[in-house]
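Results of the structural survey
Here is what each chain is made of, one letter per residue.
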Amino acid sequence: MRIPKPFRRRPLRTRLAVVTSAAVALVALGVLAAAYVVIRYEIRNQLDLQLKQQSGTLAQQARTSGTGVLYAECAWLAAPACAQVVPADPAAPGQRGLVLPVTGATRRVAAGTLGAHYSDIVRDGRSLRMLTTPLGHGRALQVAVRSDTVEKGVEQAGLLLGAVGGAGVLLAAGLGYAASRTALRPVSRLTATAERIAATRDPAHRITLPPDEERPQDSRDEITRLATSFNTMLAELEDAVAAQRRLVADASHELRTPLTALRTNAELLARAERLTPAQRDRAAGALGRQLREVTGLVNDLIELARDEEPRQLVERVRLDLLTESCVAAARGHWPATPFTLHTGDVADVTVPGVPARLARLLANLLDNAAKFSPPGAAVEVRLDRRPDAVELTVRDHGPGISDEDRPHVFDRFYRSRQARALPGSGLGLAMARQIARAHGAELTAERPPSGPGALFRLRFPAPG
């Protein structure tokens, strides 16, 4: 059934109230109509049983009498009010003054060709219920009683049920409206919260829910689960906005120092005629280093701003060859730090990914390990196959990561006390974890099983 457009434009609360009230009203009216039919049937059935009993009694009396009227007081309310015996032959004697109508069906009942039946007749303006039954020997017995009182009772019952039905419809409308208000109260709160957030642009607002800590998740209704999901979404949005603000604030803080140094060196080189050649060389070298630092920091921020890898660059990457290449590059970049590599039995293992991004991930881990390793201490790199994953571990022998710093080691711009004196922006490990997650891998920082240092574990799901 097509719903009219004006009804669809009504508020959801109105539509729900109308549909609920209509459903309850239809059920109530259906029950009342069925009750009216049952009451009418039972009352008329009682009248028919009364006629049947009276006909049985009168049949004994009529067998010894001839044809004609037995009782003629049709105005009486008590039964039998009217009774007569009718022969099958219309010309038979004793048929003068009959008080009940005689039809062809009556003659057939007397002749035995038609069975007993009930009929409704009118006499002197009054309704009567009549039973015509065979009496034997070519005769039929007709017994009638007034039925206007029965019909009046049925009519009164119908009026009473109609009044009850009308009250039921009004009650259904009230209950439907109340039910719609109760059911949609969380939706109203959700709408008000959404409108407040749209007006204030503040995701800190939440939908107020009744206490439900004692209730299991499965017992909550759909509206409550929707409100809970909306609150969860708002919490995630608030965290995202807070993270974005922290990123902007941290980036501004990190860029302030190198930009200030750049401006100072640029102003110094602008007065180059006042500097000695050695001073000019030092200022130019510092300017170049600061430019590279700012460029690297900006590039890192751009990399962190990407949520996923470009799909057109994804290919199958052999982890053993990629790891060997990255370790060789790290040896050239950190000549004072020995790197050991063990690849195990992963010569044929490939993972889907962007080779340049995975190389950046491994380079960040190797640079971080080399930066914290004491002179001459080895950085151990292992690539192993597990039943459900392929693991790459990078372990150094430096001071390690304290329990206080471990939960924040992958945060953007976070630098522990040991790292504040070392070069870097605090974005390397954050970028490594983001690249790992974009490739479906998991990167964790752990304490080594024995000895000092830190161990970073990169787990790729097993191929297939």
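Placed above this text is the structure.
Residues numbered from 1 in each chain as written. Predicted model: local features only at pLDDT ≥ 70, side-chain atom pairs only at ≥ 80, totals over all residues. Heavy atoms only, no water.

**A short note on the packing of helix α8 (residues 319–333) against helix α9 (residues 355–372)**
The relative placement of two packed helices comes down to the angle between their axes together with the axis-to-axis distance. At their nearest, the axes of α8 and α9 sit 9 Å apart, and the two run at 45 degrees to each other. Judged on the interaxial angle alone, α9 and α8 are oblique. Where α8 crosses over α9, the two elements pack in a sense that is right-handed. Contacts between α8 and α9 pair Leu 322, Thr 323, Cys 326, Val 327, Ala 330 and His 333 from the former with Pro 355, Leu 358, Ala 359, Leu 362, Leu 366 and Asp 367 from the latter. (Axes fitted to C-alpha atoms, helices over the stretch in contact; angles between N-to-C directions. Helix = DSSP H or I, 4+ residues; strand = E, 2+ residues; numbered from the N terminus. Parallel < 35°, antiparallel > 145°, perpendicular 65-115°, else oblique. Left-handed = near helix turned anticlockwise from the far one by under 90°. Contact = heavy atoms within 4.5 Å.)

**Section: the pattern of salt bridges**
Counted under the stated rule, the structure contains 11 salt bridges. Between Arg 457 and Glu 391 there is a salt bridge whose closest N-O contact spans 2.9 Å. In this pair, Arg 457 is assigned in strand β12 (residues 455–461) and Glu 391 in strand β10 (residues 389–395), connecting sequence segments 66 residues apart. Across the salt bridge formed by Arg 459 and Glu 391, the nearest N and O atoms sit 2.3 Å from each other. With Arg 459 in strand β12 and Glu 391 in strand β10, this residue pair connects regions lying 68 residues apart in the sequence. Exposure remark for Arg 459: the relative accessible area of 25% places this residue in the partly exposed category. Accessibility expressed as a relative area gives 6% for Glu 391, which makes it buried. Linked through salt bridges whose partners overlap, the residues forming this network are Arg 382, Asp 384, Arg 386, Asp 388, Glu 391, Glu 446, Arg 457 and Arg 459. (Salt bridge = Lys/Arg side-chain N within 4 Å of Asp/Glu carboxyl O. Buried < 20%, exposed > 50% of the residue type's maximum accessible area, 1.4 Å probe, protein only.)

**Section: the sheet that holds strand β3 (residues 117–123)**
What links the strands of a sheet is backbone hydrogen bonding, and the strands pair in either a parallel or an antiparallel sense. If you trace the five strands from one edge of the open sheet to the other, you get β1-β2-β5-β4-β3, paired in antiparallel fashion. Of all the strands in the sheet, the pair left with one neighbour each is β1 (68–72) and β3. Geometrically, the sheet is characterised by an average inter-axis angle of 20 degrees between neighbouring strands, direction not taken into account. Of the pairings in the sheet, the one linking β3 to strand β4 (residues 126–134) comprises seven bridges and is antiparallel in character. Counted as the bridge partner of Ser 119 is Met 130 from β4. (Pairing = 2+ DSSP bridges.)

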